[in-house]
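So you can see what is in the structure, the chains are spelled out below.
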Amino acid sequence: MKINKNIHFTTGEFARLCKTSKQTLYHYDQVGIFSPEIKGDNNYRYYSYQQIEIFGAITMLKDIGMPLKEIKKYLSKRNPNELINLLEKERINVINKINKLNQIKLFIDRKIEYSKDFINNYTDEVSILPLQEEYIFISKVFNCSTDKEIYEAFSTHIGRCEDRGITYPHFLGQILEYNDIINGNYLNYKYIYNKLPNKEHSNFTKTKGLYIVAYHRGSYYNTSITYNKILKFIEENNLSVQGNFYEDIILDDLAVQGYDDYVIKISIKVSV
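In this report, the structure presented in the accompanying data block is examined.

Basis of the calculations
- Residues numbered from 1 in each chain as written.
- Predicted model: local features only at pLDDT ≥ 70, side-chain atom pairs only at ≥ 80, totals over all residues.
- Heavy atoms only, no water.
- Helix = DSSP H or I, 4+ residues; strand = E, 2+ residues; numbered from the N terminus.
- Rg over C-alpha atoms; globule rule 2.2 N^0.38 Å.
- Buried < 20%, exposed > 50% of the residue type's maximum accessible area, 1.4 Å probe, protein only.
- Contact = heavy atoms within 4.5 Å.
- Lys, Arg positive; Asp, Glu negative; His and termini not counted.
- Charge placed at Lys NZ, Arg CZ, Asp CG, Glu CD.
- Phe/Tyr/Trp six-rings, centres within 6.5 Å; stacked < 30°, edge-to-face > 60°.
- Polar contact = N/O pair within 3.5 Å; in protein donor to acceptor, adjacent residues only side chain to side chain.
- Pairing = 2+ DSSP bridges.
- Axes fitted to C-alpha atoms, helices over the stretch in contact; angles between N-to-C directions.
- Patch = residues over 30% accessible without salt bridge, like charges linked within 9 Å, V, L, I, M, F, W, Y side chains within 5 Å.
- Areas by Shrake-Rupley, 256 points an atom, 1.4 Å probe, with all protein chains shown as cover.
- Salt bridge = Lys/Arg side-chain N within 4 Å of Asp/Glu carboxyl O.
- Core = buried A, V, L, I, M, F, W, Y, C linked by side-chain atoms within 4.5 Å.

**Side note on the overall build of the protein**
Part 1 of the reasoning: In terms of regular secondary structure, the protein is built from eight helices and 11 strands.
Part 2 of the reasoning: Against the globule reference of 19 Å for 272 residues, the protein gives a C-alpha radius of gyration of 29 Å, more extended than a compact globule.
Part 3 of the reasoning: Taken over the C-alpha atoms alone, the protein extends approximately 95 × 35 × 35 Å along its principal axes.
Part 4 of the reasoning: Within the protein, buried positions represent 37% of all 272 residues.
Part 5 of the reasoning: Contacts in the protein between residues at least 24 apart in sequence constitute 69% of all its contacts with a sequence separation of at least 6.
Part 6 of the reasoning: Separation between the mean location of the 35 positive side-chain charges and that of the 33 negative ones in the protein comes to 9 Å.

Below, the structure written as structure tokens:
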């Protein structure tokens, strides 16, 4: 075929026109998925304007995650029915990716929120703060007296979450009964919970109101220090409380180096 400068482009021209690179065009040619219309004796390659559309189709399929091998296979037998089958399958894949990205965005937003909470509000003092309503999914904990049993309980809870469509990332917390804290049982978790962005999947609501709040900086094994400060605060201010203690992990291994620098936000509702 004779080169016609009115309809043919060099590799560089075609690459610029399609917003790609020469290397990509060479690679596509090597794997047999997309080749220039003309290969000259001097090793020059020329693409026609008619190839722009098919290159766009390849780019679209690649952008939605199809491997080049699968794209090549599809192009060799493409027809309207094959297109419908392909796009219906890829539509599901795209929806799954969107859901995954939304979960990652939620994770990023929540981690930013928690980190700002620590930076802006952290204090060694116990305080009373208004907290908003929160939707959570809770699991009852049984036989949780050793480290091994605690982590097995967390694993069981995460399994329950995933069975109900609550996917990673998980924003976990623990609930302890007031009487257990009074009696010095600081690791006797009664419930494990996930914070949720909305009511969907929720089986419990942490109600809006005034809460006694304290930030514990350190490992789970010395929360007694902070709980004793809270109990002293309640007594000195002649306060009544209702419900249980909530422990939210504000800073974990993603933000700090090891258990000793963890920050746990402990809260319990004030009875008005």
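**Some details on the packing of aromatic side chains**
Part 1 of the reasoning: Per the stated rule, a full pass over the model turns up 15 aromatic pairs.
Part 2 of the reasoning: When the ring of F14 is compared with that of F34, the centres are 6.0 Å apart and the planes differ by 25°; the resulting orientation is stacked. One end of the pair, F14, is in helix α1 (residues 11–17); the other, F34, is in the loop between α2 (22–30) and β2 (38–39), with 20 residues separating them in the sequence. Accessibility classification places F14 together with F34 in one group, the buried group.

**Quick look at the environment of Y220**
Part 1 of the reasoning: Residue placement: Y220 occurs in the loop between β9 (209–217) and α8 (224–236).
Part 2 of the reasoning: Taking relative accessible area as the criterion, Y220 reaches 14% and is therefore assigned buried.
Part 3 of the reasoning: Measuring from C-alpha to C-alpha, the distance between Y220 and L187 comes to 7.7 Å, with 33 residues separating the pair along the chain.
Part 4 of the reasoning: Excluding its chain neighbours within four sequence positions, the residues that come into contact with Y220 are Q174, L187, Y189, I249, Y259, Y262 and I264.

**Things to note about the side chain of H8**
Part 1 of the reasoning: Inspection of the secondary structure puts H8 in strand β1 (residues 8–10).
Part 2 of the reasoning: Within the structure, H8 has its side chain in polar contact with the side chain of E37 (distance 2.9 Å).

**Points about the sheet that holds β9**
Part 1 of the reasoning: On the basis of which strands lie adjacent, the open sheet formed by eight strands has the order β4-β9-β11-β10-β6-β7-β5-β8 and antiparallel pairing. The open sheet terminates on both sides in strands that have one partner only, identified here as β4 (127–131) and β8 (204–206). Averaged over neighbouring strand pairs, the angle between their axes works out to 35° when direction is ignored.
Part 2 of the reasoning: Where β4 lies against β9, five bridges are found, and the strand directions are antiparallel.

**Comments concerning a positive patch on the surface**
Part 1 of the reasoning: Together, K69, K73, K77 and K89 give the surface a local cluster of positive charge.
Part 2 of the reasoning: For K69, the location among the structural elements is in helix α4 (residues 68–76).

**Digging into the pattern of salt bridges**
Side chains that differ in sign of charge can pair as their charged atoms come close.
Part 1 of the reasoning: For the structure on display, the rule yields nine salt bridges.
Part 2 of the reasoning: Residue D29 pairs with R45 through a salt bridge whose shortest N-O separation is 2.4 Å. On the criterion of sequence distance, the pair formed by D29 in helix α2 and R45 in strand β3 (residues 45–48) is long-range, its members being 16 residues apart. Just as D29 is buried, R45 falls in that class too.
Part 3 of the reasoning: Of the charged contacts, one joins K232 and E236 as a salt bridge, the two residues approaching to 3.9 Å between their closest N and O atoms. Taken together, the residues span about one helical turn, with K232 and E236 both in helix α8 at a distance of four residues.
Part 4 of the reasoning: Judged by its relative accessible area of 56%, E236 is exposed.
Part 5 of the reasoning: Within this structure, D29, K39 and R45 form a network of salt bridges that share partners.

**Side note on a nonpolar patch on the surface**
Part 1 of the reasoning: On the surface, L101, I104, I108 and I112 cluster together to form a nonpolar patch covering roughly 350 Å² of accessible area.
Part 2 of the reasoning: By the secondary structure assignment, I104 is in helix α5 (residues 80–121).
Part 3 of the reasoning: You can call I104 partly exposed: its relative accessible area is 37%.

**Regarding the nonpolar core**
Part 1 of the reasoning: If you look at the biggest cluster of nonpolar residues, it comprises 39 residues, and the most contacted ones within it are I181, I212, Y227, I230 and F245.
Part 2 of the reasoning: Of all the secondary-structure elements, those providing two or more residues to this core are α5, α6 (147–163), β6 (172–176), β9, α8, β10 (241–251) and β11 (263–270).
Part 3 of the reasoning: Sequence-distant contacts of I230, that is, excluding residues within four places in its chain, are made with V126, I212, A214, F245 and I266.
Part 4 of the reasoning: Listed in part, the 17 residues of the second largest apolar core include F34, I64, M66 and Y74.

**Observations regarding the sheet that holds β2**
Part 1 of the reasoning: Overall, antiparallel pairing links the three strands, which are arranged β1-β3-β2 in an open sheet. Taken across any chain shown, the strands that pair with only one partner, and hence form the sheet edges, are β1 and β2.
Part 2 of the reasoning: Strand direction decides the pairing type here: β1 and β3, joined by three bridges, are antiparallel. Note that in β3 the partner of T10 across the bridge is Y46.

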